[in-house]
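One-letter residues, chain by chain:
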Amino acid sequence: MPGGTLNAVDGISFDVDRGEIVGIVGESGSGKTMTALSLLRLIPEPGKITSGKILYGEQDVVQMSDEEIREFRGNEVAMIFQDPMTSLNPVLRVGFQVEEAMAAHNRFTRQQARDRVIPMLQRVRIPAAKDRVRDYPHQFSGGMRQRAMIAMGVSNEPSLLIADEPTTALDVTVQASIIELLRDISRELRAAVILITHNMALVASLCNRVIVMYAGRIVEEGPTRAIFKNPQHPYTWSLLRSMPRVDETTRERLISIKGLPPDLGKMPPGCKFHPRCKFRVDRCLTEEPPLAEVDPGQDARCWVLMKNVQNPEAIAQT
Amino acid sequence: MSAQPTATPTTDPTLKSALVRVEDLVKHFPVAGGLFGRAVVHAVDGVTLAIEAGETLGLVGESGCGKSTLGRVIVRLQPATSGHVFFKNTDLTQMRGEKLRRTRQEIQMIFQDPYASLNPRMTVGDIVSEPLRNFGIARGRKAEQKVQEVMRVVGLNPNFVNRYPHEFSGGQRQRIGIARALVLEPTFIVADEPVSALDVSIQAQIVNLMEDLQAKYQLTFLFIAHDLSVVRHISDRIAVMYLGKIVEVGPAEELVRDPKHPYTQALIAAVPVPEPAQQRERIVLKGDIPSPINPPSGCRFRTRCPIATERCAAEEPLLRPVGKDRVAACHYA
């Protein structure tokens, strides 16, 4: 940006434990992908982390040397992206790419890596793995490619797995099987998993904890059940009611959130959601609320909170 | 269609009252050269459907099932290989010249990608008024008035007529696409994945808009989408498509609550529900969708079906009544 700074992510704090699956949800531009990329220090130029710490155990990722960060990315963390076709090299055999993922870092020798390829492909439930190991990516279906990506990701037994919209490009029946796989893998590895998605229903089916992002900030955070049952931020509340549900029994009108998320260059004063919020009070226009505890383990960034609103459906439909 | 005696208005595609009737529609694409020589993609392979005036028929299926092709052949963006599409009891596939042009005014399409389906070099006013000029309906001041009226109806500021598509957000662009479809006052609109490129909060705006427009203008919709939750919400009835064939049709609520075809069952079970405490039993399908170049014999779903038998390989199941207003193509439904 000529002569200016945009804060794509602004003052985010959260932690993820081993064996825990945390969902980061938000719409396009909410900063959820930037948050994940910064965990690996992979923010595209000219972006940078201007302040803050990323603690992995005792180590601060922000302070790591180039060599340290390389080892950290390869051995400790794995990232799975949305589009498996663009993340796999089309001219190399799938098995070889899985082998490379292991051999590139120092945990396994070339021979060990080679021996581990077929078991890895079997572990991610690629059928006939022994035969498919010599296939090229184009011979795999979308779901199989995503499985191959997961195999590459988990081949070094990472303790943190970041999945950025891992099923968005996939059909729903394939999506279901990839979600099952991620759940099993997180259990087997006792890894911490961060799932980045715009799909609230996916979060409900997989995550223990949810972080809701809006305009580069965490607006609500807490245990999945609490967030879905008693969302306190108007954005979370509206988002949950704007999605049609496959199991709905009545055809109620969807609650829509008017307008658009703010431009990073033109952030409104006060609460960043207030221009679209049906429940705002005067204070929201001038003063940004802090992320504060609303229930044990559940935080929200709101002056009003939904529990203080009478008949919110009627207000939201106006 | 067999079993006419029990057929009802919504399951009987031969019924004359239907606004749109699709009869044994086939669309094959030749695949040039390659390993298969003169191979053929069976994109749509014998589809029979009826759409009643004023209803929304949802068409769901996974990628490659042929649902978009079916939509495009119905509106004649692509010619049918064989079969018929009756619109108000006149065969569209046989129509030519002036008659076709006039009928086309009544049939419009809304596309998935609001970025790719609008000409970036035209202003919104030009985009929305183009159909009026093409069909010689209105020009000049009269066209301007009509455009402004339609823009208001879809929730766009009429003062923006001179802006270009890139100045609008995705949701607003989809409103432009809807305005363009509405300006000719159509009776039937085919909407192909109209909300799948949009963020959740914007999706709801467009879904609500489409529902409002339907009520206001008594529109008939064919709503094509892969997202069963959205289809369930907006549709009166749902048709499920798999590998070029319709496998099940029924009223939306009943079809989702009690699916009869094993594929519909798997599809519905796979949709995540935003309810952490209430996660449902999944039916995990084995394998991938077979190639539409060489579809399996008999029932096309049998290669992945948990209950398939030898009969399914030998004998193709036809759509038959499986309840009130419901049909399914399964020997065991």
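1. Observations concerning the overall build of chain B
Then, in step 1: Looking only at helices and strands, one finds 10 helices and 12 strands in chain B.
Then, in step 2: In summary, chain B has a C-alpha radius of gyration of 21 Å against a globular reference of 20 Å for 333 residues, a match within 12%.
Then, in step 3: Principal-axis analysis of the C-alpha atoms gives chain B an extent of 65 × 55 × 45 Å.
Then, in step 4: Expressed as a percentage of the 333 residues in chain B, the buried residues total 47%.
Then, in step 5: In chain B, once contacts between residues fewer than 6 apart in sequence are set aside, the share between residues at least 24 apart is 64%.

2. Looking at the sheet that holds strand β2 (residues 39–51) of chain B
Residues and elements named next belong to chain B.
Then, in step 1: Strand order in the open sheet formed by 4 strands is β2-β1-β4-β5, with antiparallel pairing between adjacent strands. For this open sheet the edge positions go to β2 and β5 (90–91), each flanked by a neighbour on one side alone.
Then, in step 2: Pairing analysis gives 2 bridges linking strand β4 (residues 82–87) to β5, with the strands arranged antiparallel. Paired with Phe 86 across the bridge in β5 is Asp 91.

3. Overview of the pairing of strand β3 (residues 56–60) of chain B
All names here are of chain B.
Then, in step 1: With 5 of its 5 residues buried, β3 lies for the most part within the structure.
Then, in step 2: Side chains Thr 56, Gly 58 and Val 60 of β3 all project onto a buried face; the interleaved residues Leu 57 and Leu 59 project onto the opposite face, where all are buried too.
Then, in step 3: Relative to strand β8 (residues 220–225), β3 runs parallel, the two sharing 5 bridges. Within the sheet, the bridge partner assigned to Val 60 lies in β8 and is Ala 225.
Then, in step 4: Two strands pair when backbone bridges link them, and β3 and strand β9 (residues 237–242) are joined in this way by 4 bridges, in the parallel orientation. Pairing of Leu 59 across the sheet is with Ala 239, part of β9.

4. Focus: the interface of chain B and chain A
Then, in step 1: Taken together, the contact between chain B and chain A spans 33 residues of the former and 37 residues of the latter.
Then, in step 2: At the level of elements, α6 (200–217), α7 (228–234) and α9 (262–270) of chain B are the ones that each hand at least two residues to the side of chain B that touches chain A.
Then, in step 3: In terms of residue count, the dominant contributor to the side of chain B that touches chain A is α6 of chain B (6 residues).

5. A word on the nonpolar core
Then, in step 1: The biggest cluster of nonpolar side chains holds 178 residues, and the ones touching the most others in it are Ala 148 of chain A together with Ala 179 and Val 240 of chain B.
Then, in step 2: Here this core takes 8 residues from helix α8 (residues 172–189) of chain A, the largest share from any one element.
Then, in step 3: If near-sequence neighbours (up to four positions away) are discounted, Ala 148 of chain A is found in contact with Pro 84, Leu 88, Val 94, Val 98, Ile 126 and Phe 140 of chain A.

6. Thoughts on unusual backbone geometry
Then, in step 1: In this structure, Arg 190 of chain A takes a positive phi of about 50 degrees despite not being glycine.
Then, in step 2: When you line up the elements, Arg 190 of chain A lands in the loop between α8 and β6 (192–197).
Then, in step 3: Residue Asp 24 of chain B is not a glycine yet carries a positive backbone phi of 45 degrees.
Then, in step 4: Residue placement: Asp 24 of chain B occurs in strand β1 (residues 20–31).

7. Topic: the sheet that holds strand β5 (residues 160–164) of chain A
Two orientations exist for strands paired in a sheet by backbone hydrogen bonds: parallel and antiparallel.
Residue and element names in this part refer to chain A.
Then, in step 1: Reading across from one edge, β4-β5-β6-β1-β7-β8-β10-β9 is the order of the 8 strands in this open sheet, with mixed pairing throughout. This sheet does not close on itself; its edge strands, each paired only once, are β4 (77–80) and β9 (292–295). Geometrically, the sheet is characterised by an average inter-axis angle of 20 degrees between neighbouring strands, direction not taken into account.
Then, in step 2: One ladder, built from 5 bridges, connects strand β1 (residues 21–25) with β6; its direction is parallel. Bridge assignment links Ile 24 to a residue of β6, and that residue is Ile 196.

8. Quick word on the confidence of the model for chain B
Residues and elements named next belong to chain B.
Then, in step 1: Per-residue confidence for chain B gives a mean pLDDT of 89; residues scoring 70 or more make up 93%.
Then, in step 2: Here helix α2 (residues 97–104) stands out as the element of chain B with the lowest mean pLDDT, 89, in contrast to β3, whose mean of 97 is the highest.
Then, in step 3: Within the model, the stretch residues 1–10 combines pLDDT values under 50 with 20 contacts to residues more than four positions away or in other chains.

9. Let's talk about the pairing of strand β6 (residues 107–110) of chain B
All names here are of chain B.
Then, in step 1: Side chains Ile 107 and Met 109 of β6 all project onto a buried face; the interleaved residues Gln 108 and Ile 110 project onto the opposite face, where all are buried too.
Then, in step 2: As judged from the 4 bridges shared by β6 and strand β7 (residues 188–192), these two strands associate in the parallel manner. Bridge assignment links Met 109 to a residue of β7, and that residue is Val 190.

10. A closer look at the packing of helix α7 (residues 142–154) of chain A against α8 of chain A
Helix packing for two helices is described by the angle between their axes and how far apart those axes are.
Residues and elements named next belong to chain A.
Then, in step 1: Across the interface, α7 lies against α8 with an axial gap of 10 Å and an inter-helix angle of 15 degrees. When the interaxial angle is binned, α7 and α8 end up roughly parallel. The handedness of the crossing between α7 and α8 comes out as right-handed. Each of Gly 142, Gly 143, Gln 146, Arg 147, Ile 150 and Val 154 in α7 lies in contact with α8, whose residues at this interface are Val 174, Ser 177, Ile 178, Leu 181, Ile 185 and Leu 189.
Then, in step 2: When its residues are assigned to classes, the contact of α7 with α8 shows 7 nonpolar, 4 polar and 1 charged.

About the criteria used
- Residues numbered from 1 in each chain as written.
- Chains lettered and ligands numbered in written order.
- Predicted model: local features only at pLDDT ≥ 70, side-chain atom pairs only at ≥ 80, totals over all residues.
- Helix = DSSP H or I, 4+ residues; strand = E, 2+ residues; numbered from the N terminus.
- Rg over C-alpha atoms; globule rule 2.2 N^0.38 Å.
- Buried ≥ 20, exposed ≤ 12 C-beta atoms within 10 Å, placed from the backbone.
- Contact = placed C-beta atoms within 7 Å.
- Pairing = 2+ DSSP bridges.
- Core = buried A, V, L, I, M, F, W, Y, C linked by C-beta atoms within 7 Å.
- Axes fitted to C-alpha atoms, helices over the stretch in contact; angles between N-to-C directions.
- pLDDT = per-residue confidence, 0-100.
- Parallel < 35°, antiparallel > 145°, perpendicular 65-115°, else oblique.
- Left-handed = near helix turned anticlockwise from the far one by under 90°.
- Nonpolar A, V, L, I, M, F, W, Y, C, P; charged D, E, K, R; others polar.

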